[in-house]
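Here is how the chains run, residue by residue.
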Amino acid sequence: MQSTTSEATQTTTNETPQSTTEATQTTSIGETQSTSVGTSQSTTAGATQSATVGASQSSTTGATQSTTVGASQSSTAGATQSTTSEATQTTRAPTTITTTLATTTTIPTTTTTTTTTRPPSRPAPTIEIRAVLLILFQSALANTGSPEFQQQAAEVENACDVIYQQRFGSRFVRTIVRQFRLVTRFRTDEVETDVDVVFNETSIEPLPTSSAVAEALAIAVNDSNSGINLSVVPGSIFVTSEPKSTAIVQFRTNDTFIADLLNSTSGAFSKRSSLIKRELEPFFFEDYQPDFISLTPTSFSNGSIIHEANMTITSDATFPNDTQIIATLTRAALSGNLSFTIIFIDGTAVSAGEVSSSVNLLSACGLTLLSLLAAQPW
């Protein structure tokens, strides 16, 4: 049992001083222990003094002294001092402190980079025109990134878009201003511009001629009732570049011919043209990129269906010869990816052996001709 006393008494008697060289000290441990925490202390001169500081202690000199560890101690000067160490000491069970260490695990991050190669894009059918504008030249117009260039280019493009949309409909896509530059004509400074007129590569209609493109712009800017706010010097419009088109060898399919295919404005003609264009163009693009632009059927005739088409390439490219075209059509015919069957190419029946022989024969003839030319004494 543990008792705690919040007061301890210390008594000092101011009587006859006496010095004693001998003292009896008694120490008792493990007896009754009184502990006082946070109590009051009072002092009286010449009388009784009581003090409590965390425990009770009383001291006198020259007398019998007894000490109690952590408990009550009392001493009487010049008299008999007795200390009673009858206190109960209670030992608290040790406190166990458990410390948990947090472990941080860092997981390395693996970054995987995937590189995707885009297939090459087909060049759009584009006709480039040049014209002289009636505007004041600013040096900023020569900088395609300047606000002045952007504003003036937007004005030109908006006007041209209206003109060509009205003239060519769905075949037309957009116009793009490439540059403005200062030129001197007839001792006068003028602003010259280059504009790309871009057409639809998926259209089944033939690409407009360069003369038709230049004429459409000239008519519109000279017509005061057209509503076009674009001032162009008369006679300054001309074409600087255009794609090239040529007819390729005929090919025949085993489909049944109908009379509507003779009419280029009929639904049957449009449907057949779209089919041929959609399924054959990938083979031509693969063989003749990056110069190939489009394949456009131009006519169908009876027998089963005989197809004629034009191939369009960029302005600075060279057309493939008939042998190359036959090889491309043959590869398409034997690919198994067509929804129609090509049975003749340039009058020759299509089979793996026959077409190969035809191509090899043409190649042999070409080599023979070259040998004969080389043997001539020029």
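This text follows the structure it describes.
Note that the structure is predicted; figures quoted are calculated from it, not measured.

Describe the overall build of the protein, naming the residues involved and giving the relevant values.
Counting its regular elements, the protein contains 5 helices and 14 strands. Counting over 378 residues, the protein shows a buried share of 34%. Across the protein, the fraction of contacts at a sequence separation of at least 24, relative to all contacts at a separation of at least 6, is 65%. With an accessible surface of roughly 23000 Å², the protein has 50% of that area assigned to carbon and sulfur atoms.

Residue-level account of the sheet that holds strand β5 (residues 126-133), with values.
Taken in spatial order, the 4 strands of this open sheet run β6-β7-β5-β8, and their pairing is antiparallel. Each end of this open sheet is capped by a strand with a single partner; those strands are β6 (172-185) and β8 (238-241). Ignoring which end each strand starts from, the neighbouring axes of this sheet average 30° apart. Strand direction decides the pairing type here: β6 and strand β7 (residues 188-199), joined by 12 bridges, are antiparallel. Its bridge partner being in β7, Q179 is matched across the sheet by D194. In this fold helix α1 (residues 147-168) packs onto β5, β6 and β7, with an angle of close to 130° to the strand it touches most, β6. Set on the sheet, helix α2 (residues 210-222) makes contact with β5, β7 and β8; between it and β5 the angle comes to about 35°.

Before we move on, can you summarise the pattern of salt bridges with the specific residues and values?
In total, this model carries 10 salt bridges according to the counting rule given. Residue R181 is joined to D194 by a salt bridge in which the shortest nitrogen-to-oxygen separation is 2.9 Å. With a gap of 13 residues between them, R181 in strand β6 and D194 in strand β7 connect regions that are remote in the sequence. Each member of the pair, R181 together with D194, is buried.

Quick notes on the rules
- Residues numbered from 1 in each chain as written.
- Predicted model: local features only at pLDDT ≥ 70, side-chain atom pairs only at ≥ 80, totals over all residues.
- Heavy atoms only, no water.
- Helix = DSSP H or I, 4+ residues; strand = E, 2+ residues; numbered from the N terminus.
- Buried < 20%, exposed > 50% of the residue type's maximum accessible area, 1.4 Å probe, protein only.
- Contact = heavy atoms within 4.5 Å.
- Areas by Shrake-Rupley, 256 points an atom, 1.4 Å probe, with all protein chains shown as cover.
- Pairing = 2+ DSSP bridges.
- Axes fitted to C-alpha atoms, helices over the stretch in contact; angles between N-to-C directions.
- Salt bridge = Lys/Arg side-chain N within 4 Å of Asp/Glu carboxyl O.

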